[in-house]
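Listed below are the residues making up each chain.
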Amino acid sequence: MTQQVTQTDNSAARLWLAELSLLSVAIIWGVNIPIMKIALALGVDRFALNGLRLVVSAMTLQAFAWFEYRRGIRPNVRLNWRGILGYATLVSVLYQMLFLLSVSQTTSADIALIMATVPMWTAIGARVLLAEVLTRRAWFGLIVGFAGTVVVTLQGATAPGVQRASAGTPVTAEVSVSAVSAAAENSPAVVPTSVATAMPADSRSNSPGVGWSGLFAGRFGGNLIALAAALMWSGGTIFSRPMLKRISPLQLSAFSASIGLPFHLAVAWPVLPAGIRMLSSLQLDACLIYSGVLSTGLALPMWSFGVKHAGAAHATMFQNLSPIVAIVSAWLILGEPLNIAQGVGGALILGGLLIMRSARRIPG
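Thresholds, definitions, all that
- Residues numbered from 1 in each chain as written.
- Predicted model: local features only at pLDDT ≥ 70, side-chain atom pairs only at ≥ 80, totals over all residues.
- Heavy atoms only, no water.
- Helix = DSSP H or I, 4+ residues; strand = E, 2+ residues; numbered from the N terminus.
- Buried < 20%, exposed > 50% of the residue type's maximum accessible area, 1.4 Å probe, protein only.
- Contact = heavy atoms within 4.5 Å.
- Areas by Shrake-Rupley, 256 points an atom, 1.4 Å probe, with all protein chains shown as cover.
- Core = buried A, V, L, I, M, F, W, Y, C linked by side-chain atoms within 4.5 Å.
- Expected span 1.5 Å × (residues − 1).
- Bend = angle between axes of the 7 residues up to and from the residue.
- Axes fitted to C-alpha atoms, helices over the stretch in contact; angles between N-to-C directions.
- Parallel < 35°, antiparallel > 145°, perpendicular 65-115°, else oblique.
- Nonpolar A, V, L, I, M, F, W, Y, C, P; charged D, E, K, R; others polar.

**Student:** What is the right way to read the overall build of the chain from this model?
**Tutor:** Counting its regular elements, the chain contains 16 helices and two strands. Taking all 364 residues of the chain together, 47% fall into the buried category. The long-range fraction of contacts in the chain, counting pairs at least 24 apart against all pairs at least 6 apart in sequence, stands at 86%. On the chain, roughly 17700 Å² of surface is accessible, and the fraction owed to carbon and sulfur atoms is 67%.

Here it is in structure tokens:
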């Protein structure tokens, strides 16, 4: 009897720790988007920022993977290395680059809401590629979530946080964390190039783009890029399922981060020295530590721990908190307001995900 009580107490403690871990990850991922915007507004080039934060991320994941390896958790000898290369291409190369471009062009709220559609795209991909069965309720949830995605993505107006002066000169009010913002408000002509790059493209020009370059410019283009990033992450999730039977999620992520890092460093190479010189900025260092160590580093083993002890379905509930956290943190940190379209689209996306979750058959 005493042994049963002890086992029950241990199970309850593990579940509590799992839920705390999942909640922490939802907060970390939600706050990461405005943190990235703060780093861009400090003046670092976006590709240099990406290269530097992914170096930190790769080092963090490798350290934890090595610790796991030393504990005896090792990949199966029949591991498909071509599969790992494909996974790294989707998640560590394409997703990371698309996510970076979307952060530099559109609002935190739009990105968070669009990225919340990942479970939806994953379910569709699993149905097509893995022949997983979806109920009618699940399909209804997919349709509702897709409608919300369309509402959020089609926004193309000037992004919140960008105001226009009476003379038509764009004035940034997006970030107020450093003297860069004050300089931008008082003297638009001296705004660093990378800060101008961090602004939504439609705030830098009054003329709409033409052709494909115009399609992917501005806030609307940033939303399309964020949608492409969500699709890449979903594809990587589906692609990883067979491999996770032979390698732990942490070690897969460490391999993937190491494979993708040279690509990002090569892209950032021309501007990387200038980015390294900016490491004397404590604010930039804090952003790199947060994004590299926490968001794409420690958050992964924390998420795996939560999924292991609370279950994937339980974890999805916490994952749906990330866009809410992102919207609130962007409002508090960047002053980005939530407009009607974002509210309606976000409600449809989250509602569709909840309908999908309720349609899942969870074994007892």
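**Student:** How should I be thinking about the nonpolar core in this particular structure?
**Tutor:** Nonpolar side chains in soluble globular proteins tend to be buried together. In this structure, Leu49, Phe99, Met115 and Leu284 are the most contacted members of the largest nonpolar core, which totals 52 residues. By residue number, the principal contributor to this core is helix H1 (residues 2-41), which donates 10 residues. Contact partners of Leu49, with chain neighbours within four places excluded, come to Met36, Ala39, Leu40, Val44, Leu284 and Leu288.

**Student:** Is there a simple way to explain helix H3 (residues 81-103) in this structure?
**Tutor:** An α-helical turn contains 3.6 residues, so a residue and the one three or four places further along point in the same direction. For H3, spanning 23 residues, the distance from its first C-alpha to its last is 31 Å, which sits close to the expected 33 Å at 1.5 Å a residue. Along H3, the largest kink reaches about 35° and is centred on Ala88.

**Student:** What should I look at first to understand the packing of helix H4 (residues 108-115) against helix H15 (residues 322-333) in this one?
**Tutor:** When two helices pack together, you describe them by how their axes are tilted relative to each other and by the distance separating the axes. Where H4 contacts H15, the two axes come as close as 8 Å, and the packing angle between them is 180°. Considering the angle they form, H4 stands roughly antiparallel to H15. On the side of H4, the interface is formed by Ser108, Ala109, Ala112 and Leu113, while H15 contributes Pro323, Ala326, Ile327 and Ala330. Residue classes in the contact of H4 with H15 are distributed as seven nonpolar, one polar and no charged.

**Student:** How should the environment of Gly351 be read in this particular structure?
**Tutor:** Tracing the backbone shows Gly351 in helix H16 (residues 340-359). Exposure remark for Gly351: the relative accessible area of 23% places this residue in the partly exposed category. On a C-alpha basis, the gap between Gly351 and Gly148 in space is 9.1 Å, while along the polypeptide they are 203 residues apart.

Everything listed here is a matter of geometry and, on its own, says nothing about what the molecule does.
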